[in-house]
Amino acid sequence: MKRIKIFDTTLRDGEQSPGCSMNLPEKIEMAKQLERLGVDIIEAGFAIASPMDHKSVKAIAGAVSKCTVASLARCTKGDIDAAWDAVKEAKHPRIHVFLATSDIHMEYKLKMTREQVLQRITDMVGYAKSLCDDIEFSAEDASRSEPAFLAQCFSNAVAAGAKTLNVPDTVGYSTPQEMGALITYLREHVEGIENVDISTHCHNDLGMAVANSLACVQAGATQLECTVNGIGERAGNASLEEIVMNLRTRRTFYNADTGINTKQIYRSSKLLSSITGVAIAPSKAIVGANAFAHESGIHQHGVLANPLTYEIMNSAEVGIPQNTMVLGKHSGKHALREKLESMGYELTDEELEVVFQRFKSMADKKKNITGSDLESLVLHRRNTSMSTQSGACRLIGHLINTSTSSSLPTTSYVKLERDGLFLEDVAVGSGPVDASFTAINRMLGINIRLESFSLNAVTDDKDAIGEAIVKVKAPNGETYTGTGLSTDIIESSIRAYVNGINKMLEDAGQTEPKE
Ligand code: KIV
Ligand code: ZN
């Protein structure tokens, strides 16, 4: 059986997509989760893009040891030097250089002739190779490139030392038959291709990214590039969880599998969604809330008689919490740790303490705490006051006054602690959330705009935990995502708002309260 390498680009192509930006601690947390998931390569960023990108690639290179860590670079010395500087401390570093090879890109974007492109590949792959042994070369817009010229580009890259040749469908235009045929053609026409990995990187503009990637496996690709939840430029990239579960579920059909620990799939998907605030569609394959739900009576009857009637995968296989054993207010730290470990979460003593405190206060309000509740507590531990990564403000409490009469305003009193100082204010608003956010803005003396706000129930019961996600826009135009959790949905909303503000303050490095 063929072993397919998984090249995860959630932190590079994925992070480039609107609304998916992450700060440094979030990127590191995601990278560690990708390592637990068992991806072979993490593309940690595009080091030359900004000092922040450089810093994050470097930090990720130091934070993971099992995976290869790659940085993207255009075919220029400056890009390659920045990429190498960022990944050189990694246990397994890789430089990923790319250059467009389609006529339209060469003429209008690069303004280079075919000869110049061929020479640049030889020179820059060679230069990258002089710094790092593991070089990947991507021919951007490969699927719209002239096959014979593309084969020449790849032959030059192999001769200059590339160990992986990536064939992107950059604009998501191809069909599975075309992608498969292109891989077959390249295998026949690229010199030395039998000694290197053949990779593909498919975008989802026509909804074909996963199908195209799988067709490439059938034609001989040995590496697939993808992202968690399929995030990425425009309509996104091929979704990691869909690729992996296709290969796992139809192993004998593809005669191929990956090294992914599928039990970590759901957790990776949830973590990314809780960091970025980008919700997962309920009908999303593998990780959507309805992916394993059976609504129709006929289906339910069939599944009860034999799950195989309607289930081709088991939800436990992708790590969806089974909600069988529940904890309550009498459960201790030991039981909490055991339950979390059975769900695949191994926390340090400090992290466990943070989750345990939140668990205790939740257990005062909610009788049965399920696996899904615990999972949300773990995912939100970054946002609590006890977390080492928490920002400058902490919610102490709030009090809401509402009326059923539209002529009477809703008022909210909010008390925060900021760097040891207590701040409080009361504001009126069109509703409790509006009033609370107005009070917070005023007491902090900040001018931020609420871009979006959503609330979801973590479980279905009436004392369900509400998860609030806000996106706030700072005066400098940057957008920050904040998330908050509580059985009281106004409290989750305030927590989410404060979490977004803390990220903004952390970025601006301004933690001083107003005079
Ligand atoms: O879509 C694309 O072609 C890319 C390359 C840089 C690999 O993201
Ligand atoms: Zn891409």
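As a reminder, the structure under discussion sits directly above these lines.
Okay, so let's go over this structure. Bear in mind that the values here come from a model prediction, so they are computed numbers and not experimental data.

Comments concerning the sheet that holds strand 10 (residues 393-401)
Then, number 1: Taken in spatial order, the three strands of this open sheet run 10-11-12, and their pairing is antiparallel. Taken across any chain shown, the strands that pair with only one partner, and hence form the sheet edges, are strand 10 and strand 12 (421-429). When the angles between neighbouring strand axes are averaged without regard to direction, this sheet yields 15 degrees.
Then, number 2: Along the sheet, helix 17 (residues 432-444) contacts strand 10, strand 11 (410-418) and strand 12; its crossing angle with strand 12, the most-contacted strand, is approximately 135 degrees.
Then, number 3: Sheet strands touched by helix 18 (residues 489-508): strand 10 and strand 11. Its angle to strand 10, the strand with the most contacts, is close to 145 degrees.

Considerations on the sheet that holds strand 15 (residues 479-486)
Then, number 1: An order of 13-14-15 is seen for the three strands of this open sheet, with the pairing classed as antiparallel. What marks the edges here is a single partner per strand, and that holds for strand 13 (449-457) and strand 15. On average, each strand axis in the sheet is inclined to that of its neighbour by 15 degrees, with strand direction left out of account.
Then, number 2: Pairing of strand 14 (residues 466-473) with strand 15 involves eight bridges; the strand directions are antiparallel.

Examining unusual backbone geometry
Then, number 1: Positive phi outside glycine occurs at Lys 111, with the angle close to 55 degrees.
Then, number 2: Counting through the fold element by element, Lys 111 comes out in the loop between helix 5 (103-110) and helix 6 (114-131).
Then, number 3: By relative accessible area, which is 63% here, Lys 111 ends up exposed.
Then, number 4: Even without being glycine, Asp 141 reaches a positive phi, approximately 60 degrees.

Let's talk about the packing of aromatic side chains
For any pair of aromatic rings, the description consists of the separation of the ring centres together with the inter-plane angle of the planes.
Then, number 1: For the structure on display, the rule yields six aromatic pairs.
Then, number 2: Geometrically, the ring pair formed by Phe 253 and Tyr 254 is edge-to-face, given 4.9 Å between the ring centres and 90 degrees between the ring planes.
Then, number 3: Ring geometry for Phe 437 versus Tyr 497: centroids 3.8 Å apart, planes at 5 degrees, classification stacked. Within this pair, whereas Phe 437 is found in helix 17, its partner Tyr 497 is found in helix 18, the two being separated by 60 residues in sequence.
Then, number 4: Cation over ring: Arg 114 sits above Phe 149, and NZ or CZ is 4.8 Å from the ring centre.
Then, number 5: Positioned over the ring face of Phe 422 is Lys 415, at 5.2 Å from the centre of the ring.

Re the pairing of strand 11
Then, number 1: By the bridge criterion, eight bridges tie strand 10 to strand 11 in an arrangement that is antiparallel. Bridge pairing in strand 11 places His 398 opposite Val 414.
Then, number 2: Pairing analysis gives nine bridges linking strand 11 to strand 12, with the strands arranged antiparallel. Along strand 12, the bridge assignment pairs Leu 416 with Leu 423.

Considering a nonpolar patch on the surface
Then, number 1: Residues Leu 450, Phe 453, Leu 455 and Ile 489 make up a contiguous nonpolar surface patch of roughly 320 Å² in combined accessible area.
Then, number 2: Looking at the element boundaries, Phe 453 is found in strand 13.
Then, number 3: Overall, the relative accessible area of 34% leaves Phe 453 in the partly exposed class.

Quick notes on the rules
- Residues numbered from 1 in each chain as written.
- Chains lettered and ligands numbered in written order.
- Predicted model: local features only at pLDDT ≥ 70, side-chain atom pairs only at ≥ 80, totals over all residues.
- Heavy atoms only, no water.
- Pairing = 2+ DSSP bridges.
- Helix = DSSP H or I, 4+ residues; strand = E, 2+ residues; numbered from the N terminus.
- Axes fitted to C-alpha atoms, helices over the stretch in contact; angles between N-to-C directions.
- Contact = heavy atoms within 4.5 Å.
- Buried < 20%, exposed > 50% of the residue type's maximum accessible area, 1.4 Å probe, protein only.
- Phe/Tyr/Trp six-rings, centres within 6.5 Å; stacked < 30°, edge-to-face > 60°.
- Lys NZ or Arg CZ within 6 Å of the ring centre and 35° of its normal.
- Patch = residues over 30% accessible without salt bridge, like charges linked within 9 Å, V, L, I, M, F, W, Y side chains within 5 Å.
- Areas by Shrake-Rupley, 256 points an atom, 1.4 Å probe, with all protein chains shown as cover.
- Salt bridge = Lys/Arg side-chain N within 4 Å of Asp/Glu carboxyl O.

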